[in-house]
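A structural walkthrough
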Amino acid sequence: MPQKVLVVDDEESIVTLITYNLEQAGFQVDNASDGHEAIQLIKLNNYDLVVLDLMLPEMDGLEVCRQIREEQLKTPILMLTAKDEEFDKVLGLELGADDYMTKPFSPRELTARVRAILRRVDYEVRPVPEEKNTEKISIGHLTIYPESYEAYINGDLIELTPKQFELLLYLTNNEGKVLRRDQLLNAVWNYEFVGDTRIVDVHISHLREKIEPNTKKPTYIKTVRGLGYKFEEPRSV
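Residues numbered from 1 in each chain as written. Predicted model: local features only at pLDDT ≥ 70, side-chain atom pairs only at ≥ 80, totals over all residues. Heavy atoms only, no water.

**Remarks on the packing of aromatic side chains**
- This structure, assessed with the given rule, holds three aromatic pairs.
- Look at Tyr145 and Tyr152: their rings are 5.9 Å apart centre to centre, the planes differ by 90 degrees, and that puts the pair in the edge-to-face class.
- Accessibility expressed as a relative area gives 22% for Tyr152, which makes it partly exposed.
- For the ring pair Tyr220 and Phe231, a centre distance of 5.8 Å and an interplane angle of 40 degrees mean the geometry is tilted. Within this pair, whereas Tyr220 is found in the loop between helix 8 (198-211) and strand 11 (221-224), its partner Phe231 is found in strand 12 (residues 228-231), the two being separated by eleven residues in sequence. With respect to burial, Tyr220 and Phe231 carry one shared label: buried.
- Note that Lys4 overlies the ring of Tyr47, its terminal NZ or CZ placed 5.3 Å from the centroid. (Phe/Tyr/Trp six-rings, centres within 6.5 Å; stacked < 30°, edge-to-face > 60°. Buried < 20%, exposed > 50% of the residue type's maximum accessible area, 1.4 Å probe, protein only. Helix = DSSP H or I, 4+ residues; strand = E, 2+ residues; numbered from the N terminus. Lys NZ or Arg CZ within 6 Å of the ring centre and 35° of its normal.)

This is how it looks when you write it as structure tokens:
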């Protein structure tokens, strides 16, 4: 059965371009021209991914993204923006988007991004049974199962987006090493976000909220001033 993608954009030419290329790649595609319609469709359909434009009539893409996540819907979101402003990109990721692209974009690259996101979140539709989670990383009260994309703190499952999990996994795999922001961008996002290193800071902040007892005095993810971040086992756990 083909994977289902919802394209949300009020520009007919953009919708036609994306729809054609995704259908050629084997996806089933639905369309919505405004945020309200998008939210209703997402609630009624089990979409594998949403391509969401930032600038929409009545309700913009950021608000759509926020409402989707408030509904506890984990549908991956690829956000499109015609703006080249770091604030919009970071805020979109902060509200729960999985990735973004700036217009104009290459249809081939968009299709590749869609496929990459779906590969990353495949664990949600093909969960690994608990008894098969043999490979694990344990640091302090934190336990990570890389194969099933699951992480636990004090035995409680942590709700992480795919990017948050990949960042956490990369940090733990490099325990004790100082990692620069640009190094984290390359390793986790797979391509350069020139000038967008705040994306890393946003994701680090979210990780700290989920694993640190006190975010003001982090014991796992340390900031190395002027350099980047370092993951350490807490001295007392």
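The discussion continues.
**Section: the pattern of salt bridges**
- One pass over the full model with this rule turns up 15 salt bridges.
- The residue Arg113 makes a salt bridge to Asp99 at a minimum N-O spacing of 3.6 Å. Of the two residues, Arg113 sits in helix 5 (residues 107-120) while Asp99 sits in strand 5 (residues 99-102), which places them 14 residues apart along the sequence. For the pair shown, Arg113 and Asp99 are each scored as buried.
- Salt bridges linked by common partners bring Asp9, Glu11, Asp53 and Lys103 together as one network. (Salt bridge = Lys/Arg side-chain N within 4 Å of Asp/Glu carboxyl O.)

**Topic: unusual backbone geometry**
- A cis amide bond links Lys103 to the next residue, Pro104, at an omega of -5 degrees.
- Among the secondary structure elements, Pro104 is positioned in the loop between strand 5 and helix 5.
- At Asn154, a position not held by glycine, the phi torsion is positive, near 55 degrees.
- Structurally, Asn154 is set in the loop between strand 8 (150-153) and strand 9 (156-157).

**Points about the pairing of strand 3 (residues 49-53)**
- Most of strand 3 sits inside the fold, with five of its five residues counted as buried.
- Here strand 3 shows no split at all, with Leu49, Val51 and Asp53 on one side and Val50 and Leu52 on the other all buried.
- As judged from the four bridges shared by strand 1 (residues 4-8) and strand 3, these two strands associate in the parallel manner. Bridging across to strand 3, Val5 finds its partner in Leu49.
- Pairing of strand 3 with strand 4 (residues 77-81), which is carried by four bridges, proceeds in the parallel orientation. Paired with Val50 across the strands is Ile77, a residue of strand 4. (Pairing = 2+ DSSP bridges.)

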